[in-house]
Amino acid sequence: MLQDEADESLMMLYQQGDVRAFEVLLERHRRPIFNFILRSVRARDRAEDLMQETFLRVVKGAAGYKKQAKFTTWLYTIARNLCVDHSRRQKHRRHASLDQPIGGGEERDRTLMDVVSGDEPGSDRKAVSRRLHLAISSAIDTLPDDQREVFLLREFQSLPFKDIGEIVGVPENTVKSRMRYALEKLRNELEQYQDLAKTLR
């Protein structure tokens, strides 16, 4: 079954013309890549475009893919580079409001906060949880780009430091250093919410 194959094997099958192998890769990685890009660019329509461009580049670059390269590292490198290019093209970096609707149709009432928030039972708990999520998202937004991308790749995509280093093009120790600075900054930014967080335990 193709679903049981490793990513790298699926890419080799796709190189040999098996389109179903690519469909499995797309199904497997579409949502995580979209979420990573959305957290990076903070605009749902732009994230959708960049996700499609990411997989288009996978298709275009499939012939040059070598099995020694870890597929997820290659995939996230493409997505990350597209996010960096997008950021550079923005003259004035605008942060979308976390309470601003992010979609149309059925999703018109969803906000960016809904993307990162969980469903907590009870209205009081939900209000406290929402306040904490807003504070966390806001604090993440204040991180320098190099620290934020490392934080997102590590905490939201659960990638190893070694892979993150390959994706962003720096040594593993530099990645660990950026992560440490990011965590220190977030700890300082969120210190005032410590008591609030305890109410959710």
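Residues numbered from 1 in each chain as written. Predicted model: local features only at pLDDT ≥ 70, side-chain atom pairs only at ≥ 80, totals over all residues. Heavy atoms only, no water.

Asks: When you look at the overall build of the protein chain in this model, what are you seeing that I'm missing?
Replies: Counting its secondary structure elements, the protein chain contains 10 helices and zero strands. In the protein chain, which comprises 201 residues, the share counted as buried stands at 41%. For the protein chain, long-range pairs separated by at least 24 residues make up 59% of all intrachain contacts whose partners lie at least 6 apart in sequence. (Helix = DSSP H or I, 4+ residues; strand = E, 2+ residues; numbered from the N terminus. Buried < 20%, exposed > 50% of the residue type's maximum accessible area, 1.4 Å probe, protein only. Contact = heavy atoms within 4.5 Å.)

Asks: Please explain the pattern of salt bridges as it appears in this structure.
Replies: A side chain of one charge can pair with a side chain of the opposite charge if their charged atoms are brought near each other. Within this structure, the stated rule accounts for 14 salt bridges. Among the salt bridges present, the one from Asp7 reaches Arg28, with a minimum N-O distance of 2.6 Å. Of this pair, Asp7 sits in helix H1 (residues 7–15) while Arg28 sits in helix H2 (residues 19–41), and the two are 21 residues apart along the sequence. Residue classification places Asp7 among the buried residues on the basis of a relative accessible area of 12%. Since its relative accessible area comes to 30%, Arg28 is described here as partly exposed. Residue Arg148 pairs with Asp145 through a salt bridge whose shortest N-O separation is 3.4 Å. (Salt bridge = Lys/Arg side-chain N within 4 Å of Asp/Glu carboxyl O.)

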